[in-house]
Amino acid sequence: MLSNKGRLFIISGPSGSGKDTLLVKLFKAVPEIKFSISSITRPMRENEKPGQKYNFISKDEFENMIKNNELLEYNQFLGNYYGTPKAPVIKAIENGDDIVVEVDVNGAAQIRNNVPDCTSVFILPPSLEALKTRLHDRGTESEEKIRERLLCALDEIKRANEYDYVVVNDDIDTALNDLVGIIRLDRLKIDRNLDLINKILEK
Ligand code: 5GP
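Residues numbered from 1 in each chain as written. Predicted model: local features only at pLDDT ≥ 70, side-chain atom pairs only at ≥ 80, totals over all residues. Heavy atoms only, no water.

Asker: Summarise unusual backbone geometry; cite the residues concerned and give the values.
Answerer: Phi is positive for Asn69, which is not a glycine, with a value near 55°. For Asn69, the position within the fold is in the loop between helix H2 (59-67) and strand S5 (71-77). Backbone geometry places Leu78, a non-glycine residue, at a positive phi of 45°. Here Leu78 lies in the loop between S5 and strand S6 (80-85). (Helix = DSSP H or I, 4+ residues; strand = E, 2+ residues; numbered from the N terminus.)

Put into structure tokens, the structure is as follows:
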């Protein structure tokens, strides 16, 4: 049986771990990798554009997606829904493309149940202090929201042991190298190269 399928990479990390900046750099470094655009019900922030990282939809629309089984996973975070539409992910994998899904720890656990053959990476801030500073510097959230996000961050970090890899985002270029390294290494796995081996043997 030939194995030409793409790979699903789950990336998680608490708010303030710097994973968004890291992902922007990842898509420049590995441009052929696809990104799954989440559907969410949180209001759009000033610096965001629809269809870039998120599609902003209403609660009713989201609940219809749940009802119609259109989501690979979903979760509620601070009162809003966040979910991964199933169809684009399945299409990418079937086309042989690697795809990155950025989800929280609960979403990651759901995906591992549905797609066991995936690779998960947890982005860790170098310290709690660094996390606090980054959340404040971002300036997009009230003090109360920042506090809520910090508490969520601690809960998420407690579950980092569910992941295959950890990337510490202290120096962004080092973190990028580590992340790219994980993706490259995964592409060298034997089960991802069976078609090549078989092709050589057939000749
Ligand atoms: P933010 O509101 O800061 O953009 O994201 C809040 C949290 O939602 C982050 O932990 C982020 O990883 C997570 N998140 C983003 N998209 C999804 C998704 O599609 N599903 C789930 N379960 N979490 C998501």
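Asker: Lay out the layout of surface pockets in plain terms, naming residues and giving numbers.
Answerer: Considering only enclosed or pocket space, the largest pocket measures out at about 980 Å³ in volume. Along the walls of the largest pocket sit 38 residues, with Asp20, Arg45, Lys53, Tyr54 and Glu102 positioned nearest its centre. Mapped onto the lining of the largest pocket, the elements with two or more residues apiece are helix H1 (19-29), strand S4 (54-56), S5, S6, helix H5 (128-138) and helix H6 (143-157). With six residues, the single largest contributor to the lining of the largest pocket is H1. Here the residues of the lining of the largest pocket are counted per class, giving 11 nonpolar, 13 polar and 14 charged. (1 Å grid on protein atoms, 1.4 Å probe; cavity = no way out; pocket = protein on both sides within 12 Å on 5 of 7 lines; lining within 4 Å. Points joined across faces, edges and corners; volume = space filled by probe spheres on them. Nonpolar A, V, L, I, M, F, W, Y, C, P; charged D, E, K, R; others polar.)

Asker: So what's going on with the packing of H1 against helix H7 (residues 172-187)? Which residues, and what values?
Answerer: Axis separation between H1 and H7 bottoms out at 10 Å; the angle between their running directions is 55°. On the basis of the axis angle, H1 is oblique to H7. In the packing of H1 onto H7, the handedness of the crossing is right-handed. The residues of H7 that touch H1, namely those facing Thr21, Leu22, Lys25, Leu26 and Ala29, are Ile172, Asp173, Ala175, Leu176, Leu179, Val180 and Ile183. (Axes fitted to C-alpha atoms, helices over the stretch in contact; angles between N-to-C directions. Parallel < 35°, antiparallel > 145°, perpendicular 65-115°, else oblique. Left-handed = near helix turned anticlockwise from the far one by under 90°. Contact = heavy atoms within 4.5 Å.)

Asker: Can you tell me about the packing of aromatic side chains, naming the residues and giving the values?
Answerer: Using the criterion set out here, one finds eight aromatic pairs in the structure. With 6.0 Å between their ring centres and 80° between their planes, Tyr54 and Phe56 make a pair best called edge-to-face. Here the aromatic rings of Phe62 and Tyr74 are separated by 6.1 Å at their centres, their planes lie at 70°, and the arrangement is edge-to-face. One end of the pair, Phe62, is in helix H2; the other, Tyr74, is in strand S5, with 12 residues separating them in the sequence. Among the residues examined, Tyr74 registers a relative accessible area of 33% and is labelled partly exposed. Members of the aromatic cluster, each reached through a chain of ring pairs, are Tyr54, Phe56, Phe77 and Tyr82. In this structure, Arg112 is placed above the aromatic ring of Tyr163, and the distance from its NZ or CZ to the ring centre is 4.6 Å. (Phe/Tyr/Trp six-rings, centres within 6.5 Å; stacked < 30°, edge-to-face > 60°. Buried < 20%, exposed > 50% of the residue type's maximum accessible area, 1.4 Å probe, protein only. Lys NZ or Arg CZ within 6 Å of the ring centre and 35° of its normal.)

Asker: Tell me about the sheet that holds strand S2 (residues 34-35), and please be specific about residues and values.
Answerer: A sheet is described by the order of its strands in space; here five strands give the open sequence S2-S7-S1-S8-S9, paired in parallel fashion. Each edge of the open sheet is held by one strand with a lone partner, namely S2 and strand S9 (165-168). Where strand S1 (residues 8-12) meets strand S8 (residues 118-124), five bridges bridge the pair, whose relative direction is parallel. Considered in S8, the bridge of Phe9 is made with Thr119. Lying on the sheet, helix H3 (residues 86-95) is in contact with S1 and strand S7 (99-102); it crosses S7 at an angle near 150°. Each of S1, S7 and S8 is contacted by helix H4 (residues 105-114), which is oriented at about 160° to S1, the strand it contacts most. (Pairing = 2+ DSSP bridges.)

Asker: Describe in detail the site of the ligand, supporting the description with residues and values.
Answerer: The environment of the ligand is formed by 18 residues, the closest being Ser38, Tyr54, Tyr82, Glu102 and Asp104. Residue Arg45 places a side-chain N or O atom 3.1 Å away from an oxygen atom belonging to the ligand. In the environment of the ligand, an oxygen atom lies 3.2 Å from a nitrogen or oxygen atom belonging to the backbone of Gly83. Burial of the ligand by the protein amounts to 97% of the accessible area it has alone, namely 510 Å². According to the grid-proximity analysis, the pocket containing the ligand is the largest pocket. Counting only elements with at least two residues in the shell around the ligand, the list comes to S5, S6 and H6. Class assignment of the residues belonging to the shell around the ligand gives a composition of four nonpolar, six polar and eight charged. (Near = heavy atom within 4 Å. Polar contact = N/O pair within 3.5 Å; in protein donor to acceptor, adjacent residues only side chain to side chain. Areas by Shrake-Rupley, 256 points an atom, 1.4 Å probe, with all protein chains shown as cover. Sits in = over half its atoms within 2 Å of the grid points.)

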